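Observations on chain architecture
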Amino acid sequence: MNLKPARKFLKAACAAFALCLAVFALSGCSGKFVVLDPQGPVAATQQRLIVLSAVLCAIVIIPVLAILVFIVWRYRDKPGNKAPYTPDWHDSKLLETIWWGIPIIIIGILGTYTARDTFALAKPPVSDTTPITVQVTSLDWKWLFTYPDQHIATVNYVQIPAGVPVRFQLTSDAPMNSFWVPQLGGQEYTMPGMAMQLWLQADKPGVYYGTGANFSGKDFAHMRFDVEAKPQAEFNQWVSSVKQTAPALTKSGYEQLVQPGTSEKTLYSSYPDGLFDDIVNKNGGMYMHHSSAPGEPGESSGTSATGATGTSGMTDMPGMNHH
Amino acid sequence: MLTKLKDFASTFFVTGDPLIYGADVAIVLTTIAIVFVLTYFKKWTWLWKEWLTSVDHKKIGIMYLIASLLMLFRGGVDALLMRTQLALPNIQFLQADHYNEIFTTHGTIMILFMAMPMMFALFNIVVPLQLGARDVAYPFLNALSFWLFFFGAMLFNLSFVIGGSPDAGWLSYPPLSEMSHSPGVGENFYIWGIQISGIGSLATGINFLVTILKMRAPGMKLMNMPLFSWSVLSTSVMIIFAFPILTITLALLFVDRFLGAHFFTMTAGGNPMMYVNLIWMWGHPEVYIVVIPAFGIYSEIVSTFSKKKIFGYKSMVFSMMIISVLSFFTWVHHFFTMGAGADVNTFFAISTMAIGIPTGVKIFNWLFTMFRGRIQLKQPMLWTLAFIPCFVVGGATGVMLAVAPADYQYHNSYFLIAHFHQVLIGGVVFGYLAGIYYWWPKMFGFKLDEKLGKWAFWTWNIGFYVCFMPQYALGFMGMTRRVYTYGWDMGWAPLNLVSSIGAFLMGIGFIFQVWQISYSIKYGERDTTGDPWNARTLEWSIPSPAPMYNFATVPHVSEQDAWWAEKQAREAGKRAAAAPALEPIHMPKNSGIPIIMAAFWFVAGFGFVFSWIWMAVAGLLGVAACLLARSFQYDTDYYIPVDEIKRTEASFGRGI
């Protein structure tokens, strides 16, 4: 065998790497890496973990790839290769201990940080301000937001005060979806009959991209919404202007909204009392009353997830809300 | 009457899409062509006697291989249709409904009807030969497994011209897959296609576990067994534990749909989370089920093409067994974001990362098998070498995904898509292709052309990176999976275009392989030695292609790499002890029952799909009749006389 294939292999590897760089450069011009552009404490923690895990993995990957290239190059089968050849050497306690050890250490470090942040993110982001609650309902194929304290509602658009932790309560009146605003933090599923909860916070005013992330049927691709963070005063102003100018969302209006189809951004000055709870209950939430967490803020009745686990709403069995 | 018939036809057949009409025509023409060729050349009897009723593990393996390559083609076309639709924003090539069907069938076919049968092809062809056995433990059951897979796959594939394809994703999460949201028959096709082939998969797992435990050549201790066989053992155990979960889950989903039960709907006290948990309790082990045999293949190839004993054999065995156990404790990482508590998420995050440890050890052991070896860059080794960097990077992104809080950002995004394609293509597909190139001479008696193979290799590989590296970036840009279109606003267009180009490069790679196979049938280098790669394990000690009884005399094994040791001994002038005298060989008889029984399953499945109870009952009665017929069949085996063995061996140039 000659060394042509080995050289080809190296060349191709370099070409692939260069291509990757070019692609990143190219996309850097036009697109935005929203996941790597945190605008709030939750997304920032997640981004730190992403970077940490990438670096830890790189510490292993890069030497392994270098060793691979070196070995294939040096021990290629060509006449006159002077490199040693030990066809029966197959065991080394020392070497094996090293490479059982390295990944164990790496996973140990990463595991520790993972555990720490998983528990940390289950709590509201640190802040002196009182949180605000926004209820999120995914529909076929649009997002309904209701504000239990302000008593207004919106579709495919949500405004929040900047610098204030937001407790999103999530449910669905359609197949499951997932509520994702990458610049503010990771996603959480919306599921019929359950109220889950997700803490997010925007540090600065701005408009952030939000999307449904879990496939829910025909027009899933159009389930986009904007999250707009405004200073508290402007937010309050917006609320009162919505109350004054927008139409009300009536019971029959909601029945209309639930029908499959897409929707434009819409504002409502009010919505039927207890709408969110009704949605959760009619989809089976009534079977979960006993998991009620007393003293929860907001208006949800027993269906809300227990506060103890925070990011998630659930206790015991993975994904199960009841005991 | 006529209008009734028209109504029926318009719902029974999929209508309205020119792509589907094209497929209809192609299917009819191909069927006519096949029937014509078989009739013209009078090959029906040959087909029935030599193939359709065969219980020979090698022939069953080849049938698995052909079926899986066809399914690779179908799944690949699905992929290219999707990448065409996503190449640029707002393309009107596919409508939402059609796109949703295509990604659903792409995923289902690639995992269940491409990867699984390709894996079973290699199990069947290689394991008995590696063990020095004459067949698997239960040859009849083995044929039945194949035909169940085949008819299950056909039932599933039928859905795109009859009734309509499933469109709720490859795992069909309820409530989307319930009657309320998917009233068509597509989900029924999904359920019954998988159910029928799933029974076959479970039986294969049992078959190979028993084969490995009971049918090794005398003297072959478990710790001397070739690593591919070890990987099959590990996978068989996983299949036996995982597949019943799938069967039960889909059965419950069917009861929900068919009888209006509420296992997976909240409205009457059920819970979709139960489905999600159950399906991933099968689904996660499933990905290790398909990748572990690839690890076995790499181990054989690295050792053969480095002309060196595998490094750290015990570690290799140990790590595979650890992975197969750990794989059952990671399923929740598929839904960290569905509201499991911090404690649960932490447990499953760390158990997931822990799988990286034994996997990493295997990589090091492969590297150090090559270290101080003599590396020959033949086709099987090329794919193995391409696997290592690809899988290392894919594994690393897997560890990144395991970090639960970070997963809240990756989940359902193109980062995830890039990750699992990298481990499934870079790990599983590369591995099986390497295995096919490696064992091809043993199956067919000739090698696949090197030059065309290199073209295929480079287009596949370059295509892979061009296709999937941009998808990691798209994930960071917030692009979610399963969107059938997107706008210009997010800046996703350039990377999607690049990705689509890569997908088509891989398609060209596949065409090179088809070309390579057709070319090599005629011009490929014939293997007259039975050991074209100077390999190490028992399958290379017999002629290529292997005679129907595999081993004229059963080999005695006393160490690892038995055939290599034998060759060394011969070279050193120490001829092994004289071979024992030939004896008549006990063989199983062919049987038509497996294909007939599976066909009845197909009928039953089709009946259930359309809720035609009369048809379902008729099918099930047929299945029962076949079972009964088999239980009263006593004449199921025969002996190959010594003369015939001598003649066969002589035809390979081996006198005994």
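The rules behind the values
- Residues numbered from 1 in each chain as written.
- Chains lettered and ligands numbered in written order.
- Predicted model: local features only at pLDDT ≥ 70, side-chain atom pairs only at ≥ 80, totals over all residues.
- Heavy atoms only, no water.
- Phe/Tyr/Trp six-rings, centres within 6.5 Å; stacked < 30°, edge-to-face > 60°.
- Helix = DSSP H or I, 4+ residues; strand = E, 2+ residues; numbered from the N terminus.
- Buried < 20%, exposed > 50% of the residue type's maximum accessible area, 1.4 Å probe, protein only.
- Lys NZ or Arg CZ within 6 Å of the ring centre and 35° of its normal.
- Salt bridge = Lys/Arg side-chain N within 4 Å of Asp/Glu carboxyl O.
- Domains from an automatic or database assignment.
- Buried area = accessible area lost by both parts, 1.4 Å probe.
- Polar contact = N/O pair within 3.5 Å; in protein donor to acceptor, adjacent residues only side chain to side chain.

1. A few points about the packing of aromatic side chains
Residue and element names in this part refer to chain B.
- Counted under the stated rule, the structure contains 98 aromatic pairs over all chains.
- A ring pair is formed by phenylalanine 146 and phenylalanine 149, whose centres lie 6.0 Å apart and whose planes are at 55°; its orientation type is tilted. On the criterion of helical spacing, the pair formed by phenylalanine 146 and phenylalanine 149 is a turn pair, its members being three residues apart in helix H6 (residues 139–158).
- Phenylalanine 146 gets classed as buried once you look at its relative accessible area, which sits at 2%.
- Cation over ring: lysine 59 sits above tryptophan 51, and NZ or CZ is 5.5 Å from the ring centre.

2. Brief notes about the pattern of salt bridges
- Summed over the entire model, instances satisfying the criterion amount to 16 salt bridges over all chains.
- The salt bridge involving aspartate 117 of chain A is made with arginine 116 of chain A; its shortest N-O contact spans 3.1 Å.
- Here aspartate 56 of chain B makes a salt bridge to lysine 58 of chain B, at a shortest N to O gap of 3.2 Å.
- Classification of aspartate 56 of chain B as buried rests on a relative accessible area of 11%.
- On the basis of relative accessible area, lysine 58 of chain B is assigned to the buried category, the value being 10%.

3. Focus: the domain arrangement of chain A
All names here are of chain A.
- We note that the domain assignment places domain 1 (38–77 + 93–121) and domain 2 (132–291) within chain A.
- Buried surface at the junction of domain 1 and domain 2, both sides included, amounts to about 660 Å², of which 51% is carbon and sulfur.
- It is Gln39, Pro41 and Val42 in domain 1 that bury the most area against domain 2; as a group they hold 68% of the surface buried on that side.
- Here domain 1 and domain 2 share zero salt bridges between them.
- Our enumeration of links across domain 1 and domain 2 arrives at five residue pairs in polar contact (both at pLDDT 80 or more).

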